[in-house]
Amino acid sequence: MVGPSMTDADRKRFLRYTQVGFALLVGGSMGLVTLYGGAELLIVAGMFVGGTVIGGGLAWYIIPESIAETPYESVDRGPKPGAKMKQQRQEDNGSGQRAAEDDSRLSQNRD
């Protein structure tokens, strides 16, 4: 099998960019709502900054950095799909008898 294509540094950088993007999205949204509400530009700028700070807090809570520290390979996901059936087919050919290695009924394409 092939290993992960992302390093830990790449994973952490991606998470940081995601958090910053989320914070800017919340701040931009608050700024636009304030602008369309007819507020002065100083208030709009203040709401943008305040919304970005609030968005940063939300991003820190919603997108934790611990995700970057947990590589995909460390999660035990159990047996692969079809592993149990494959084991049963190797033990039994369907009629109660064990299949021999030279048996023509045994598919050559199975792993």
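Only a predicted model underlies this, so the values are computations on that prediction, with no experimental measurement involved.

Points about helix H2 (residues 41–62)
Side chains three or four residues apart in an α-helix point the same way, a direct result of the helix having 3.6 residues per turn. End to end, H2 covers 30 Å across 22 residues, agreeing with the expected 32 Å (1.5 Å per residue, within 8%). Packing partners of the buried residues in H2 comprise helix H1 (8–36).

Looking at a nonpolar patch on the surface
Where nonpolar side chains cluster on the molecular surface, the patch consists of Val20, Leu24, Phe48, Val49 and Val53 and spans about 440 Å² of accessible area. Mapped by element, the contributors of at least two residues to the nonpolar patch are H1 and H2. For the nonpolar patch, the element with the highest residue contribution is H2, accounting for 3 residues.

Some words on the side chain of glutamine 19
Mapping glutamine 19 onto the fold places it in helix H1. Residues in contact with glutamine 19, not counting those within four places in the same chain, are Ala59, Trp60, Ile63, Pro64 and Glu65.

So, the environment of methionine 47
Within the element layout of this structure, methionine 47 appears in helix H2. Looking at methionine 47, the relative accessible area reads 32%, which means it is partly exposed. On a C-alpha basis, the gap between methionine 47 and serine 29 in space is 9.4 Å, while along the polypeptide they are 18 residues apart. Contacts of methionine 47, omitting those with residues within four sequence positions, involve Gly27, Met30 and Thr34.

Here we look at the UniProt feature "transmembrane region" (unreviewed entry) in the chain
What UniProt calls "transmembrane region" (unreviewed entry) maps, in this numbering, to residues 14–36 and 42–63. Here residues 14–36 is 100% helix and 0% strand, with 32 Å between the C-alpha atoms at its ends. The distance from the first to the last C-alpha atom of residues 42–63 is 31 Å, and the span holds 95% helix and 0% strand.

Some words on the environment of lysine 12
Counting through the fold element by element, lysine 12 comes out in helix H1. Sequence separation between lysine 12 and glutamate 65 is 53 residues, and the spatial gap between their C-alpha atoms is 7.3 Å.

What counts and how
- Residues numbered from 1 in each chain as written.
- Predicted model: local features only at pLDDT ≥ 70, side-chain atom pairs only at ≥ 80, totals over all residues.
- Heavy atoms only, no water.
- Helix = DSSP H or I, 4+ residues; strand = E, 2+ residues; numbered from the N terminus.
- Expected span 1.5 Å × (residues − 1).
- Contact = heavy atoms within 4.5 Å.
- Patch = residues over 30% accessible without salt bridge, like charges linked within 9 Å, V, L, I, M, F, W, Y side chains within 5 Å.
- Areas by Shrake-Rupley, 256 points an atom, 1.4 Å probe, with all protein chains shown as cover.
- Salt bridge = Lys/Arg side-chain N within 4 Å of Asp/Glu carboxyl O.
- Buried < 20%, exposed > 50% of the residue type's maximum accessible area, 1.4 Å probe, protein only.
- UniProt positions renumbered as here; feature names shortened; annotations may be inferred.

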